Amino acid sequence: MFNDDVTALCPECGSADVYYSSTEIGCRTCHLVEAFGFDFQNPNTTTDQINRANAMRVLQTWNFAG
């Protein structure tokens with residue numbers, strides 16, 4: 001799902017030492033973690049549109065371009 005060559009930047013401290021999974025993104029430097037609210041591997045069609053919008057907002061906040 002994600003492109004490992006594209007780095008995200010922590011919105012709290014600006015670090016590029018970031019990890020992500022199908023459910024969350026976090027910073028190893030300042031330990032900020034934010035849930036996507038959407039599991040890309042197991043989508044729920046009932047809340048899909050709202051949760052996908054939240055996940056995209058989170059990715060944009062972290063300057064993730066992948």
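What this report covers is the structure whose coordinates are included nearby. (Residues numbered from 1 in each chain as written. Predicted model: local features only at pLDDT ≥ 70, side-chain atom pairs only at ≥ 80, totals over all residues. Heavy atoms only, no water.)

1. Some points on the pattern of salt bridges
Then, number 1: Under the defined criterion, the tally for this structure stands at 3 salt bridges.
Then, number 2: D17 is the partner of R28 in a salt bridge, and the nearest nitrogen-oxygen pair spans 3.2 Å. With a gap of 11 residues between them, R28 in the loop between β2 (24-27) and β3 (33-35) and D17 in the segment before β1 (18-20) connect regions that are remote in the sequence.
Then, number 3: The partner of E34 in a salt bridge is R57, and the shortest N-O contact between them spans 3.2 Å. Here E34 is found in strand β3, whereas its partner R57 is found in helix α1 (residues 48-61), with 23 residues between them in sequence. (Salt bridge = Lys/Arg side-chain N within 4 Å of Asp/Glu carboxyl O. Helix = DSSP H or I, 4+ residues; strand = E, 2+ residues; numbered from the N terminus.)

2. A few points about the sheet that holds β1
Then, number 1: Spatially, the 3 strands line up as an open sheet ordered β1-β2-β3, and their pairing is antiparallel. Across the chains shown, the open sheet's two edge strands, defined by having one partner strand only, are β1 and β3. Adjacent strand axes in the sheet meet at a mean angle of 15°, parallel and antiparallel pairs treated alike.
Then, number 2: As judged from the 3 bridges shared by β2 and β3, these two strands associate in the antiparallel manner. Its bridge partner lying in β3, I25 is registered against E34. (Pairing = 2+ DSSP bridges. Axes fitted to C-alpha atoms, helices over the stretch in contact; angles between N-to-C directions.)

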